[in-house]
Amino acid sequence: MKSDRNILIAFLLNFTFSLLELIGGTLTGSVAIVSDAVHDFGDTVSIAISYFLERKSKRQPDATYTFGYGRYSVIGSVITTLVLMLGSILVLVQAVQRLFAPQVVHSGGMLLLAVIGLSVNLMAALVTREGDSLNQKAVNLHMLEDVIGWAVVLVGAAVMLLTNWTMIDPLLSIGVAIFILCQAVGHLKESMYLFLEAVPEDVSVAQICEAALAVKGVSGVHHVHVWSTDGSHHFATMHIVAAEPDASLKEAVRHSMEALHISHITMELESPDEQCAQQHCVLHDEEHPHNHGHHHHRH
């Protein structure tokens, strides 16, 4: 699979560069580079885990995992994001300590490393930018973070070379760490929503009800539940009220759901005079307060 290959390429690029970075950072005396090397090794480990979990997530549903293995990809995303957050916190701590104890930095060597670093990580970021799984997005966030980090180191090294102001090194590290931490928190939140069975961000329950009601023959829809296994494969269940339920009506409802990114739908068909035990199990939508506690009916 393409996403597997992309993650593997990102792993190889990251691992090779982490070694180069550790040596170069030690030789130049730059805390920005050494701390980035440590956190790049963390990235490398989490990308390796992501690679194996992404591969496992592609397995077909079986008797144990009837919904498939998609959540393994989400676990990879959570691990990768947590490592990213931990790395950013460590960089912050180290950079703040350096603010109070400035050290001599070899800015020429730092500039050379920054040019190589920017090139390698830009390549890895471009390779991983395609892909819709949360896991791949997390890996891409790592790569993007490295691109930003090196762009900042490049600017810092140039400033130090011209002004000899060594304080720029830890200051830039702090800026990048805070930026990445904010990005990672948002990504972690998205992953946790999936585990908590929340409605996917690109899906609206109100739109689903409207689409079902727009099908000829459907007079009501209720007991709607929507969730996602991995952020790209969405599932829905619902009760459809129809006077003459038949195969063509079901097919029309199914077709209307595909346009709303629902890849798997389960319907229960009811006649208008049937009393449903779950008729009050309606999802509360704050934007549509008039739907609370009632069926969605065609007006």
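These numbers were taken from a predicted model, which means no experiment stands behind them.

Draft legend 1. Region of interest: the overall build of the protein. Across its full length, the protein carries 8 helices and 4 strands. Element order for the protein, N to C, with α for helix and β for strand: α-α-α-α-α-α-α-β-β-α-β-β. A total of 299 residues make up the protein; the buried ones form 46% of that total. Across the protein, contacts joining residues at least 24 apart in sequence account for 73% of those joining residues at least 6 apart.

Draft legend 2. Expanded view of the nonpolar core. Formed by 23 residues in total, the largest nonpolar core has its most connected members in Ile208, Met238, Ile240, Val253 and Met257. Secondary-structure elements contributing two or more residues to this core are α7 (205-213), β1 (218-228), β2 (234-242), α8 (247-258) and β3 (262-270). Excluding residues that lie within four positions of it along the chain, Ile208 makes contacts with Val203, Val224, Val226, Met238, Met257, Leu260 and Ile262. One finds Met85, Val91, Leu141 and Leu181 within the second-largest nonpolar core, a separate group that totals 15 residues.

Draft legend 3. Representation of the pattern of salt bridges. Tallied over the entire structure, the rule returns 2 salt bridges. Note that Glu54 and Lys58 form a salt bridge whose closest N and O atoms lie 2.6 Å from each other. The closest approach of N and O atoms between Glu197 and Arg71, which form a salt bridge, is 3.0 Å. Note that Glu197 is positioned in the loop between α6 (168-195) and α7 and Arg71 in helix α3 (residues 70-100), a separation of 126 residues in sequence.

Draft legend 4. Representation of the packing of aromatic side chains in the model. Evaluation of the coordinates by the stated rule reveals 8 aromatic pairs. Between Phe67 and Phe235, the ring centres sit 5.0 Å apart and the planes meet at 90°, which makes this aromatic pair edge-to-face. Separated by 168 residues along the polypeptide, Phe67 in the loop between α2 (31-57) and α3 and Phe235 in strand β2 bring together distant segments of the chain. Given the relative accessible area of 9%, Phe235 is considered buried. A ring pair is formed by Tyr69 and Tyr72, whose centres lie 5.8 Å apart and whose planes are at 25°; its orientation type is stacked. In this structure Tyr69 comes out as buried when scored by relative accessible area, which is 5%. Put simply, the rings of Tyr65, Tyr69 and Tyr72 touch in pairs and so form one group of aromatic residues. Above the plane of the ring of Tyr72 lies Lys56, whose end atom (NZ or CZ) is 5.1 Å from the centre. The ring of Tyr69 is capped by Arg59, whose NZ or CZ atom sits 4.6 Å from the centre of that ring.

Draft legend 5. Quick look at the environment of Leu82. For Leu82, the location among the structural elements is in helix α3. In this structure Leu82 comes out as partly exposed when scored by relative accessible area, which is 44%.

Each value, and the rule that gives it
Residues numbered from 1 in each chain as written. Predicted model: local features only at pLDDT ≥ 70, side-chain atom pairs only at ≥ 80, totals over all residues. Heavy atoms only, no water. Helix = DSSP H or I, 4+ residues; strand = E, 2+ residues; numbered from the N terminus. Buried < 20%, exposed > 50% of the residue type's maximum accessible area, 1.4 Å probe, protein only. Contact = heavy atoms within 4.5 Å. Core = buried A, V, L, I, M, F, W, Y, C linked by side-chain atoms within 4.5 Å. Salt bridge = Lys/Arg side-chain N within 4 Å of Asp/Glu carboxyl O. Phe/Tyr/Trp six-rings, centres within 6.5 Å; stacked < 30°, edge-to-face > 60°. Lys NZ or Arg CZ within 6 Å of the ring centre and 35° of its normal.

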